[in-house]
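# Fold and geometry: a report
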Amino acid sequence: MHKGPLSFASLGSGSRGNATLIRKNGTCILVDCGFSMVQLQRRLAGLGLALDDLSAILVTHEHGDHIRGVAALARKTSIPVWMTPGTAMHLKPAEIPVLQLLNCHQSLTIDDIHIQPYPVPHDAREPCQYVFSDGNRRLGLLTDTGSPTQHILSVLSRCDALIIECNHDEEMLANSSYPESVKARIGGSLGHLSNRQTAELLNHIDCSKLQHLVAAHLSEQNNTVERVRQTLSRALGCSPDWVSIALQDEGLAWRDIS
Ligand SMILES: [Zn+2]
Ligand SMILES: [Zn+2]
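Starting from 1, residues in each chain are numbered consecutively following that chain's sequence as written. Numbering of ligands from 1 and lettering of chains from A proceed in the order in which they are written. Restriction of local features to residues with pLDDT of at least 70 applies here, the model being predicted, together with a cutoff of 80 or more for giving and counting side-chain atom pairs; totals for whole chains, interfaces and linings are based on all residues. With hydrogens and water set aside, each side-chain value is computed from the structure's full complement of heavy atoms.

### A few points about the coordination of the zinc ion (ligand 2)
Here the term donor refers to an N, O or S atom within 2.8 Å of the metal (or 3.2 Å for Na, K and Ca), and because water is left out of the atoms, sites may appear incomplete. For the zinc ion (ligand 2), the full set of protein donor atoms is H61 (NE2), H63 (ND1), H122 (NE2) and D144 (OD), and the range of their distances to it is 2.2 to 2.4 Å. A site with four donors is called tetrahedral when every donor-metal-donor angle falls between 85 and 135 degrees; four donors are called square planar, and six octahedral, when opposite donors sit more than 155 degrees apart and all other angles fall between 65 and 115; any other arrangement is irregular. Each of the 4 donor atoms bound to the zinc ion (ligand 2) contributes to angles spanning 92 to 169 degrees, and the resulting shape is irregular. Counting residues between consecutive donors of the zinc ion (ligand 2) along the chain gives the motif H-x1-H-x58-H-x21-D. The distance between the zinc ion (ligand 2) and the zinc ion (ligand 1) comes to 3.6 Å, with D144 serving as a donor to both metals. Exposed residues in this analysis have more than 50% of their type's maximum accessible area, buried residues have under 20%, and partly exposed residues fall in between, with area computed by a 1.4 Å probe over protein chains only. By relative accessible area, which is 0% here, H61 ends up buried. You can call H63 partly exposed: its relative accessible area is 22%.

### With respect to the layout of surface pockets
One number sums up the size of the largest pocket: a volume of about 220 Å³. The residue classification treats Ala, Val, Leu, Ile, Met, Phe, Trp, Tyr, Cys and Pro as nonpolar and Asp, Glu, Lys and Arg as charged. All others, Gly included, are polar. Considering only residue class, the lining of the largest pocket consists of 3 nonpolar, 9 polar and 4 charged. Cavity: a set of points on a 1 Å grid over the protein atoms alone where a 1.4 Å probe fits but cannot get out. Pocket: an open set with protein on both sides within 12 Å along at least five of seven lines, its lining residues, like those of a cavity, having an atom within 4 Å of a point. Grid points are joined across faces, edges and corners, and a volume is the space filled by probe spheres set on the points. Of the volumes computed, that of the second largest pocket is approximately 150 Å³. Contributing to the lining of the second largest pocket are S13, L218, S219, E220, N223, T224, V225, A246, L247, Q248, D249 and E250.

### Description of empty space enclosed by the protein
A complete count under the given rule lists 1 cavity of 30 Å³ or more for this structure. Empty space within the largest cavity amounts to approximately 110 Å³. Elements with a contribution of two residues or more to the lining of the largest cavity: β1 (6-12) and β2 (19-24). Residue composition of the lining of the largest cavity, by class: 6 nonpolar, 9 polar and 1 charged. Only DSSP runs of H or I covering at least 4 residues are called helices, and only runs of E covering at least 2 are called strands; the numbering of each starts at the N terminus.

### Structural notes on the coordination of the zinc ion (ligand 1)
The zinc ion (ligand 1) binds to the protein through D65 (OD), H66 (NE2), D144 (OD) and H217 (NE2); the donor distances cover 2.1 to 2.2 Å. For the zinc ion (ligand 1), the 4 donor atoms in the first shell make angles of 93 to 161 degrees at the metal, so the coordination geometry reads as irregular. All donors of the zinc ion (ligand 1) come from a single chain, and their spacing in sequence reads D-H-x77-D-x72-H.

Here it is as structure tokens:
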């Protein structure tokens, strides 16, 4: 099981589309697909992959920036698509040839990758996020979450790598031209994590094994890479450059967890 490293990459992250890759040996899992087929194939090629390389798709929730491209991809490849029953209610049965329902309190294994789903507070029907493991290293993924719960803190403790939402800077959101209702939704307990909330979350979990910290799902209007790096590096006591960012257009190149 420990042959190659557990690796990860982002095909892009933000409100215009999300997709994350997790790879171990020959197993490659795509988490979410908020991109069109053309975009997906172009972005996969940029990371040296084709559609044939994908083993399975995991979906976090039904918002368009995560699910937009899932049905087309599922029909084209016939690979299994995993999601909670609540998320599946938003799809027509025929849309996904191989639909697998998961219980967000129960782990599953896809070939060489062990997956622990966990529920998160977000304004979707039954949203969940995932921790991936090869039996040796653990990668925690957390986006689209309004507030950190005790369960989230315990699941993400002692991860070797984290991809974690830094959606907005609270000051920039408050001063933005967004309607008050949208500001309340984003900043609310079922919305998205701010830089400050994520920094606090990091202060409440065991980060002693952390090799990679990747900030994701940054708002293009209400955040900057500099503010994210500054806030998270202060929380961890690391250099700002050590904090990586999964960007909307560029994504993030492959990272190995050693
Ligand atoms: Zn999202
Ligand atoms: Zn969402």
